[in-house]
Amino acid sequence: MGGGNDSLNTVIPFQNEIYLGARPNISLREEHGLLDLGQASNILGTTDTLALHPNMTNLHQLWQEGQMAIVNGVGYPNPNLSHFTSFDYLHTAMPNTNAIDGWVGRYFDSQCSGCDATQAIELARTQTRAFASSGGVSPSVTFSDPDSYGWKALETTGRDVPLEQLYRELVGLDHIVDDGIDLKNDALSYVQRSTHNAMISARTVHEANENGAELLVEDWPDTSLGRDLQRIARLIKGGMDTSIYYAHQNGYDTHNNQTSGDNPLSGKHFNLLGNFDQSVGALIQELKLAGVWDRVVIMTISEFGRKVIENGSSGTDHGAAESIFVMGGGVQGGQFYGDFPDLAEDARVKRDSLDFNVDFRTVYRSILQNWMGVPPESMADIFPLQPSNFSPLSFI
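Enquirer: How do you make sense of the packing of helix α7 (residues 224-237) against helix α8 (residues 268-289) when you look at a structure like this?
Expert: Here α7 crosses α8 at 15 degrees, and the two axes come no closer than 9 Å. Taken together, α7 and α8 sit at an angle that is classed as roughly parallel. α8 is crossed by α7, and the crossing has right-handed handedness. In this structure, α7 uses L225, G226, L229, A233, I236 and K237 to contact α8, whose residues at the interface are N275, F276, S279, V280, L283, E286 and L287.

Enquirer: Sorry if this is basic, but what is going on with the nonpolar core here?
Expert: One broad rule of soluble globular proteins: the nonpolar side chains tend to lie buried together. L59, F325 and M327 are the most contacted members of the largest nonpolar core, which totals 60 residues. Of all the elements, α8 adds the most residues to this core, at eight residues. Y76, W103, Y107 and I324 belong to the second largest nonpolar core, which has 37 residues in total.

Enquirer: Is there a simple way to explain the environment of Y149 in this structure?
Expert: Turning to its location among the elements, Y149 is positioned in the loop between β6 (140-143) and α5 (163-171). For the pair formed by Y149 and S201, sequence separation is 52 residues and the distance between their alpha carbons is 9.3 Å.

Enquirer: What am I meant to see in the environment of D222 here?
Expert: Counting through the fold element by element, D222 comes out in the loop between α6 (186-211) and α7. Exposure remark for D222: the relative accessible area of 66% places this residue in the exposed category.

Enquirer: Just checking my understanding: could you explain the side chain of Q67 for this structure?
Expert: Inspection of the secondary structure assignment puts Q67 in the loop between α2 (57-64) and β4 (68-75). Engagement of the side chain of Q67 in a polar contact is seen with the side chain of K288, the distance being 3.4 Å. Not counting residues within four places of it along the chain, the set of residues in contact with Q67 comprises L62, K288, W293, V326, M327, G328, G329, V331 and G333.

Enquirer: I'm lost on helix α3 (residues 83-92) in this one. Help?
Expert: Because an α-helix completes one turn every 3.6 residues, residues spaced three or four positions apart along the sequence face the same direction. Summarising burial for α3: seven of the 10 residues are buried, a large majority. Inspection of α3 places H83, S86, F87, Y89, L90, H91 and T92 among the buried residues, and these make up the whole buried set. Tucked inside the fold, the buried residues of α3 contact α4 (103-111), β7 (244-246) and α9 (360-370). At the exit of α3 stands A93, carrying a positive phi of roughly 55 degrees.

Enquirer: What is the right way to read the state of the cysteines from this model?
Expert: Covalently bonding the sulfur atom of one cysteine to the sulfur atom of another cysteine gives a disulfide. A complete count under the given rule lists zero disulfides for this structure. Looking at the unpaired C112, the closest cysteine sulfur is the one in C115, lying at 3.3 Å. The exposure class assigned to C112 is buried, which follows from its relative accessible area of 8%. We classify C115 as partly exposed; its relative accessible area is 30%.

Enquirer: Mind showing me how you'd approach the packing of aromatic side chains here?
Expert: For any two aromatic rings, the description comes down to two numbers: the centre-to-centre distance and the angle of the planes. Taken as a whole and judged by the stated rule, the model has 10 aromatic pairs. Between W103 and Y364, the aromatic rings sit 4.0 Å apart at their centres with planes inclined by 10 degrees, giving stacked as the arrangement. With W103 in helix α4 and Y364 in helix α9, the pair connects residues that are 261 residues apart, well separated along the chain. Here the two residues W103 and Y364 agree in accessibility, since each one is buried. Judged by centre distance (5.3 Å) and plane angle (45 degrees), the ring pair of Y107 and F108 falls under tilted. Residue class for Y107 comes out buried when judged on its relative accessible area of 7%.

Enquirer: I would appreciate a short explanation of the pairing of β6 in the present structure.
Expert: Each regular strand shows side chains that alternate between the opposite faces of the sheet. Side chains of β6 alternate between two faces, with S140 and T142 and V141 and F143 buried alike. Sheet topology places strand β5 (residues 120-123) next to β6; four bridges connect them, and they run parallel. By the bridge assignment for β6, A120 is matched with S140.

Enquirer: Explanation requested: the environment of G334 in the structure shown.
Expert: Position of G334 among the secondary structure elements: in the loop between β9 (322-328) and β10 (336-337). Residues in contact with G334, not counting those within four places in the same chain, are W63, G66 and M68.

Enquirer: Whenever I open this one, the pattern of salt bridges confuses me. Can you help?
Expert: Think of it this way: side chains of opposite charge can pair up when their charged atoms draw near. All chains considered together, the criterion is met by 11 salt bridges. The salt bridge involving K237 is made with E286; its shortest N-O contact spans 2.6 Å. With K237 in helix α7 and E286 in helix α8, this pair connects stretches of sequence that are 49 residues apart. Among the salt bridges present, the one from D352 reaches R348, with a minimum N-O distance of 2.7 Å. Judged by its relative accessible area of 14%, R348 is buried. Through salt bridges with shared partners, a single network forms among D145, D228 and R231.

Definitions and cut-offs
- Residues numbered from 1 in each chain as written.
- Predicted model: local features only at pLDDT ≥ 70, side-chain atom pairs only at ≥ 80, totals over all residues.
- Heavy atoms only, no water.
- Axes fitted to C-alpha atoms, helices over the stretch in contact; angles between N-to-C directions.
- Helix = DSSP H or I, 4+ residues; strand = E, 2+ residues; numbered from the N terminus.
- Parallel < 35°, antiparallel > 145°, perpendicular 65-115°, else oblique.
- Left-handed = near helix turned anticlockwise from the far one by under 90°.
- Contact = heavy atoms within 4.5 Å.
- Core = buried A, V, L, I, M, F, W, Y, C linked by side-chain atoms within 4.5 Å.
- Buried < 20%, exposed > 50% of the residue type's maximum accessible area, 1.4 Å probe, protein only.
- Polar contact = N/O pair within 3.5 Å; in protein donor to acceptor, adjacent residues only side chain to side chain.
- Disulfide = S-S within 2.5 Å.
- Phe/Tyr/Trp six-rings, centres within 6.5 Å; stacked < 30°, edge-to-face > 60°.
- Pairing = 2+ DSSP bridges.
- Salt bridge = Lys/Arg side-chain N within 4 Å of Asp/Glu carboxyl O.

What follows is the structure, encoded as structure tokens:
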């Protein structure tokens, strides 16, 4: 949810007088058809009555079925309110440092020696830092569309021989006595292994995309997120042996026109959450019909939340802590994890932002350890910089 989702207008404390007073024009209230979530513990030791945004009916049904958990108060110490820096921190899991390798890359370094080249797939033009490895070539690939992932046609390259043939010679795929990798030249070795992975992964991706081509759900949103999740569904159904998929939905930087005037049931945020809900809902229904939903966990993340107060442009500015969703057939859902933050002025950080009480690295660890089976003793390799409270949450 790129741009900084306003989680206060997503998981809504609609009876909280501070929330209502801080947002006189854009707050969502009981008369707006909110979707009840019940009581959540807060950082003050009492409870807040929370509701889900009314344009998220699919996620609300999942909550009622006990297959979606909500983690409140997610963030990190000394939050940075820059989009680029904060996303770097989320991707490296090393906040307030200049780390260059990612938490998923370190997971691969620690746990995936000899893994296939498609252990992670990101639907994007360029790969995020989360997959960067300091141990060599990350077993991950990035593309916008599996249909276009492969070699360019010969007539478009201006060459006399196909690119695949040239790269087979570079990598040494046709060597009789060895794999052709130059172990004496680190730079050449890196290029050869990267190319080797790309060649093998392209073939695997195309086969899975064809095998899973027939969709069981007809009503997929014709949006960027809807199309990306449709592609992921095809690859999962087609038999990809991939552990992690990463998809993006941008547009949440709602400094203005978050709502249309004083109508919170219209505007940018309403439309974004509706697109998110419909796209994720279609993916979940597809995976359920295919009989693979119990093998999947979906986690949402945004680089930060928004401020408690509205601004003068029917919007909100960059904030800190947020609420996130974790969904899946094996998720202990229908309940909250973490405490809902205190909205009072003297409890805010970074100029009217919510303070955190669950470090985002704890959410990552919970999925790696409780879902993907990473042993606790490996966490120091994956998270060399750990928060003070790093016990895994029990949503899985």
